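Below, each chain spelled out in residue letters.
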Amino acid sequence: MSGRSGKKKMSKLSRSSRAGVIFPVGRMMRYLKKGTYKYRIGVGAPVYMAAVIEYLAAEILELAGNAARDNKKGRIAPRHILLAVANDEELNQLLKGVTIASGGVLPRIQPELLAKKRGAKGKSETILSPAPEKKGRKTMVNKKSGKKAKSTKARTPKKNKQKDNEKEGASNSTSEDGPGDGFTILSSKSLVPGQKLSLTQSDISHIGSMKVEGIVHPTTAEIDLKEEIGKALEKAGGKEFLEMVKELRKSQGPLEVAEAALTQSSGLAAKFVIHCHIPQWGSDKCEEQLEETVKNCLTAAEDKKLKSVAFPPFPSGRNCFPKQTAAQVTLRAISTHFDGTSSSSLKNIYFLLFDSESIGIYVQEMAKLDTK
């Protein structure tokens, strides 16, 4: 008998199983060689790379799973991954330049809107099933009495009034429920005086359909519409909005730095537009002027007794205001303004954000307000 028959065949172990990771180590080594990052690649380099990528994937999936569970979903969607990355400080800093496909699309109705819409449906059911319908049936039975024509004439204006009241109630409820469809509330915080700050995400083309009473338009002294926000408002408002802006230019004249002017809106879901002249970055006391600009916008909204205002991000192109500094100054100005006022008509302050970098910055600065 030969010695070969007594030996047991040893099963081959992969490099991943020997390293104790799930991600393929051999494939990582092949990608490193194809990338030609270095001519000499160590044996432990693909092992460390596979371990780091596996840790990041597990961390993101855990946070996305929590987001899906909070929204009562059994499957993780790209929306949940975007929320998981945006709400984590370290992951947001690492992936601030990454765009997640289909992450900004709203795949469901928000729980806040759904709960209040159920109440509105309950009201409509009580309105649509009133007692007068039974009277109508009685008149159909009693044909000899001749009251059929009178009952129908008296019943039609009641239905019209009920429909009108139903429409008015629905419009009022939608204006108070939230920003509307297409807008996602990422996080919110309630201040001590009672105001609620909310971070919302949407596309800039939806700014005209945001259901708030006032929208802030950061602009220059001439109240031009050359920035992205001004172009979006012009596209949504149309010619009537342009005419109102021209009338404001004639009556108001050029705006001073930190000055705010309020006009009625046409073609937009919001009732008013607050045009404000923001300062340029690098000028004398630019941060103090920006803080004064935000306070002037809030004061203009309070003069009209508005209940909700939306602040889009300040432009970073022409005025070159850093996003981090603008977010800090804006949140500080809002908190100090409401701390100094005893009573205010404003109840909801929305921050309308469009990109992942702004979302991460505002999430961090909002969290800092909780520690104060």
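Residues numbered from 1 in each chain as written. Predicted model: local features only at pLDDT ≥ 70, side-chain atom pairs only at ≥ 80, totals over all residues. Heavy atoms only, no water.

Caption draft 1: Region of interest: the overall build of the chain. Helix and strand counts for the chain stand at 13 helices and seven strands. Taking contacts inside the chain between residues at least 6 apart in sequence as the whole, the part at least 24 apart equals 66%. (Helix = DSSP H or I, 4+ residues; strand = E, 2+ residues; numbered from the N terminus. Contact = heavy atoms within 4.5 Å.)

Caption draft 2: Structural context of the confidence of the model for the chain. Put simply, the chain has an average pLDDT of 76, and 74% of its residues get 70 or more. Ranking the helices and strands of the chain by mean pLDDT puts strand β6 (residues 308–311) first, with 92, and helix α7 (residues 132–141) last, with 41. Low pLDDT (under 50) marks residues 116–159, which in the prediction has 14 contacts with non-local residues, meaning those over four places away or in another chain. (pLDDT = per-residue confidence, 0-100.)

Caption draft 3: Structural detail: the pairing of strand β2 (residues 196–201). For β2, a buried count of five out of six residues is recorded, marking the element as mostly surrounded by other parts of the structure. Judged from the six bridges that link them, strand β1 (residues 184–190) and β2 form a sheet pairing that is antiparallel. Looking at β2, one finds that Lys 189 is bridged to Leu 197. The hairpin formed by β1 and β2 contains five residues between the paired strands, and Gly 194 there has a positive phi angle of roughly 120°. Strand direction decides the pairing type here: β2 and strand β7 (residues 348–353), joined by six bridges, are parallel. Its bridge partner being in β7, Thr 200 is matched across the sheet by Leu 352. (Buried < 20%, exposed > 50% of the residue type's maximum accessible area, 1.4 Å probe, protein only. Pairing = 2+ DSSP bridges.)

Caption draft 4: Local environment of the nonpolar core. Counting residues in hydrophobic clusters, the biggest one holds 39 residues, and the most contacted among them are Leu 197, Phe 311, Ile 334, Ile 349 and Phe 351. Only α4 (78–87), β2, β5 (272–277), α11 (286–303), β6, α12 (323–340), β7 and α13 (356–371) provide two or more residues apiece to this core. Sorting elements by how many residues they give to this core places α12 first, with seven residues. Contacts of Ile 334, omitting those with residues within four sequence positions, involve Leu 191, Leu 197, Val 294, Leu 298, Phe 311, Ile 349 and Phe 351. (Core = buried A, V, L, I, M, F, W, Y, C linked by side-chain atoms within 4.5 Å.)

Caption draft 5: How the structure looks around the sheet that holds β5. Strands sit in the order β1-β2-β7-β6-β3-β5-β4 across an open sheet of seven strands; the sheet is mixed. Two strands close off the open sheet at either side, each with one partner strand: β1 and β4 (260–264). On average, each strand axis in the sheet is tilted by 25° relative to the strand beside it, whichever way the strands run. (Axes fitted to C-alpha atoms, helices over the stretch in contact; angles between N-to-C directions.)

Caption draft 6: Main features of helix α9 (residues 228–237). When α9 is considered as a whole, its buried residues turn out to be Ile 229, Gly 230, Ala 232, Leu 233 and Gly 237. One side of α9 carries all its buried residues, which in axial view fall inside an arc of 160°. Facing away from the buried side of α9, by more than 90 degrees, are the exposed residues Glu 228, Lys 231 and Lys 235. Turning to α9, the residues buried within the fold contact β3 (214–219), α10 (239–252) and β5. Trailing α9 by a residue or two, Gly 238 shows a phi angle of about 80°, which is positive. (Arc of directions from axis to C-beta.)

Caption draft 7: Region of the structure containing the environment of Ile 100. Examined against the element boundaries, Ile 100 turns out to sit in the loop between α5 (89–94) and α6 (111–128). We classify Ile 100 as partly exposed; its relative accessible area is 25%. Through-space distance from the C-alpha of Ile 100 to that of Leu 82 is 6.8 Å; in sequence the pair is 18 residues apart. When near neighbours in sequence (up to four residues on either side) are disregarded, Ile 100 contacts Pro 78, Ile 81 and Leu 82.

Caption draft 8: Region of the structure containing unusual backbone geometry. Located in the positive-phi region is Lys 285, a residue other than glycine, with phi close to 55°. As for its position among the elements, Lys 285 is in the loop between β5 and α11. Note on Lys 285: relative accessible area 59%, which makes it exposed.

Caption draft 9: Seen up close, α10. Here α10 spans 20 Å end to end across 14 residues, near enough to the 20 Å set by a 1.5 Å rise per residue. Inspection of α10 places Phe 241, Val 245 and Leu 248 among the buried residues, and these make up the whole buried set. Projected onto a plane normal to the axis of α10, the buried residues spread over an arc of 55° and lie on a single side. Away from its buried face by more than 90 degrees, α10 exposes Lys 239, Glu 247, Lys 250 and Ser 251. Buried residues in α10 make contact with α9, β4 and β5. Looking one or two residues past α10, Gly 253 carries a phi angle of roughly 80°, positive in sign. (Expected span 1.5 Å × (residues − 1).)

Caption draft 10: Looking closely at the pattern of salt bridges. Scanning all chains against the criterion turns up four salt bridges. One salt bridge connects Glu 291 with Lys 295, and the closest N-O pair in it is separated by 3.6 Å. Remark: Lys 295 and Glu 291 occur in helix α11; sequence separation between them is four residues, near one turn of the helix. Of the charged contacts in the structure, one is a salt bridge between Glu 291 and Arg 332, with a shortest N-O distance of 3.9 Å. Taken together, the residues Glu 291 in helix α11 and Arg 332 in helix α12 connect sequence positions 41 residues apart. A single salt-bridge network, built from bridges that share partners, covers Glu 291, Lys 295 and Arg 332. (Salt bridge = Lys/Arg side-chain N within 4 Å of Asp/Glu carboxyl O.)

Caption draft 11: Geometry of the side chain of His 277. In this fold, His 277 is placed in strand β5. Using a relative accessible area of 13% as the deciding quantity, one classes His 277 as buried. There is a polar contact of 3.2 Å between the side chain of His 277 and the backbone oxygen of Leu 255. Residue contacts for His 277: discarding those within four places in its chain leaves Thr 219, Thr 220, Ala 221, Leu 255, Glu 256, Val 257, Ala 258, Glu 259 and Thr 293. (Polar contact = N/O pair within 3.5 Å; in protein donor to acceptor, adjacent residues only side chain to side chain.)

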